[in-house]
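Observations on the three-dimensional arrangement
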Amino acid sequence: HRRFDYRPKTDPYCQARYTFCPTGSAIPLMKEEDVIEVYRLQAPVWEFKFGDLLGHLKIMHDAVGFRSSLTGKNYTMEWYELFQLGNCTFPHLRPGMDAPFWCNQGAACFYEGIDDAHWKENGTLVLVTTISGTMFNKMAKWVKYDNETGIYYETWTVQASPEKQAVVWFDSYECSKFILRTYQKLADLGAVFKKIQTNYTSIILFSGEPIYLGNETSIFGPLGNKTLAAAIRHFYYPFKPHRTVGEFFVDLLKIIDRVVLNHQFYLFYNLEYWFLPMKSPYLKIIYEEVPLPNRNKTSTGL
């Protein structure tokens, strides 16, 4: 996943149904001698609206919590879409614009408090390590760097087959990846994690070797490939928001036709388009263990 030099301003066209990080605050500077508890937080996606519904499908959202021993204050840190998941996964086809229009930024959100009921009722709230105030402050600097340079949400992991050692063509970049990066950074700084099982959700597409198609300019620009541009727009059309249940099912049949029967998927990744020659089982949601890090692993620091 590519890193960028800066975060671009969002277009006013991109609108969120729910405000991004409504109670967000700056990350505080902790006293060096503070002892800070670090908590693994996990709950079903959209738990506030649907309860445990998506939890039954193991579609989970991840965050990390902190508790200062000196002040007794709790904090939550997470990373998610600025304009909700649908906008990050599929583009808008705007009238008068040839290129699909993406509202796919993601960012970190930090705020005071841990909503115990939210994380405990259908998910997880468990202590994973303790760190010093010095380590927390170094982590905070890394979060700023990570947030300013890793700016685009990516829903899909794309790999060659369901086998454990299968080639991963593209890796996702979403909430759980941020939490894994944060844990690894803390391990690099000296944190020692408890030996507990930690599982995360991945949504995987299965594909043969991807074919590079180009970027927005080379495909949709004045000298672009009009046939390819039309094919990409045609592919994305059924993924638009639906006003009626009937409309949804009609478009669902079109999606099945293109992805399953015709083995086609167009992926937008790092501002470039790729063609995925899809293959069975096409899509799978997995909830697999990724162990907590230890200090001996290779550093992924700044």
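Look a little higher up for the structure.
Just so it is clear, the model here is predicted, and its values are computed rather than measured.

Right, let's talk about the environment of Glu-148 for a bit. Looking at where Glu-148 falls in the secondary structure, it is placed in helix 4 (residues 133-149). Classification of Glu-148 by relative accessible area gives partly exposed; the value is 37%. Setting aside chain neighbours within four positions, we find Glu-148 in contact with Phe-4, Tyr-6 and Arg-7.

Quick look at the packing of helix 4 against helix 5 (residues 175-188) now. At a minimum axis distance of 10 Å, the contact between helix 4 and helix 5 shows a crossing angle of 140 degrees. In this view, helix 4 runs oblique relative to helix 5, as classed from their interaxial angle. Seen along the crossing, helix 4 lies across helix 5 with a hand that is right-handed. For the pair helix 4 and helix 5, contact is made by Met-135, Met-139, Trp-142, Val-143 and Asp-146 and by Phe-178, Arg-181, Thr-182, Lys-185 and Leu-186, respectively.

If you walk through the whole model with that rule in mind, you get two disulfides. Linked covalently through their sulfurs, Cys-14 and Cys-103 form a disulfide whose S-S length is 2.1 Å. Because the torsion about its S-S bond is -85 degrees, the bridge between Cys-14 and Cys-103 counts as left-handed. Of the two residues, Cys-14 sits in the segment before strand 1 (35-44) while Cys-103 sits in the loop between helix 2 (84-89) and strand 4 (106-112), which places them 89 residues apart along the sequence. Through a disulfide, Cys-21 is tied to Cys-109; the S-S separation comes to 2.0 Å.

Another aspect to go through is the side chain of Thr-129. Counting through the fold element by element, Thr-129 comes out in strand 5 (residues 124-132). Of the residues examined, Thr-129 reaches a relative accessible area of 3% and is grouped as buried. A polar contact of 2.7 Å, which involves the side chain of Thr-129, links it to the backbone oxygen of Val-192. Dropping the residues within four chain positions of it, Thr-129 is found in contact with Ile-36, Glu-37, Val-38, Ala-191, Val-192 and Phe-193.

Time to look at the sheet that holds strand 4. Spatial strand order, 4-3-2-1-5: five strands in an open sheet with antiparallel pairing. Each edge of the open sheet carries a strand with a single partner, namely strand 4 and strand 5. Across the sheet, the mean angle from the axis of one strand to that of its neighbour is 25 degrees, orientation sign disregarded. The pairing of strand 2 (residues 60-68) with strand 3 (residues 74-81) spans five bridges and is classified as antiparallel. When the bridges of strand 3 are listed, Ala-63 appears paired with Glu-78. Contacting strand 1, strand 2, strand 3, strand 4 and strand 5, helix 4 runs over the sheet at an angle of about 110 degrees to strand 5. Each of strand 1, strand 2, strand 3, strand 4 and strand 5 is contacted by helix 5, which is oriented at about 35 degrees to strand 2, the strand it contacts most.

It is worth spelling out the pairing of strand 1 at this point. Counting buried residues along strand 1, eight of its 10 residues qualify, which places the element largely inside the surrounding structure. Here strand 1 pairs with strand 5 via eight bridges, running antiparallel. The partner of Tyr-39 across the bridge, within strand 5, is Leu-127. In this sheet, strand 2 lies alongside strand 1 in antiparallel orientation, the contact comprising nine bridges. By the bridge assignment for strand 2, Arg-40 is matched with Val-64.

The biggest cluster of nonpolar side chains holds 29 residues, and the ones touching the most others in it are Phe-66, Met-77, Ile-131, Phe-136, Phe-178, Tyr-183 and Phe-193. Going through the elements one at a time, strand 1, strand 2, strand 3, strand 4, strand 5, helix 4 and helix 5 are the ones with two or more residues in this core. Ignoring sequence-local partners within four residues, the contact set of Ile-131 consists of Asp-34, Val-35, Ile-36, Val-38, Phe-136, Leu-186 and Ala-191. One finds Phe-90, Val-158, Phe-239 and Leu-276 within the second-largest nonpolar core, a separate group that totals 28 residues.

The next point concerns helix 5. Here helix 5 is 14 residues long and its end C-alpha atoms lie 20 Å apart, about the 20 Å a rise of 1.5 Å per residue gives. Within helix 5, the full set of buried residues consists of Cys-175, Ser-176, Lys-177, Phe-178, Ile-179, Arg-181, Thr-182, Tyr-183, Gln-184, Lys-185, Leu-186 and Ala-187. Phi turns positive, to about 115 degrees, at Gly-190, one or two residues after helix 5.

Let us look at unusual backbone geometry. A negative phi holds for most residues other than glycine; trans holds for most peptide bonds. The step from Ser-280 to Pro-281 runs through a cis peptide bond, and the omega angle for that step is 5 degrees. Even without glycine at this site, Gln-84 takes up a positive phi of about 70 degrees. Position of Gln-84 relative to the elements: it lies in helix 2.

With respect to the helices, strands and loops of the structure, Gly-190 is situated in the loop between helix 5 and strand 8 (199-207). What makes Gly-190 buried here is its relative accessible area of 18%.

Cut-off values and rules
- Residues numbered from 1 in each chain as written.
- Predicted model: local features only at pLDDT ≥ 70, side-chain atom pairs only at ≥ 80, totals over all residues.
- Heavy atoms only, no water.
- Helix = DSSP H or I, 4+ residues; strand = E, 2+ residues; numbered from the N terminus.
- Buried < 20%, exposed > 50% of the residue type's maximum accessible area, 1.4 Å probe, protein only.
- Contact = heavy atoms within 4.5 Å.
- Axes fitted to C-alpha atoms, helices over the stretch in contact; angles between N-to-C directions.
- Parallel < 35°, antiparallel > 145°, perpendicular 65-115°, else oblique.
- Left-handed = near helix turned anticlockwise from the far one by under 90°.
- Disulfide = S-S within 2.5 Å.
- Polar contact = N/O pair within 3.5 Å; in protein donor to acceptor, adjacent residues only side chain to side chain.
- Pairing = 2+ DSSP bridges.
- Core = buried A, V, L, I, M, F, W, Y, C linked by side-chain atoms within 4.5 Å.
- Expected span 1.5 Å × (residues − 1).

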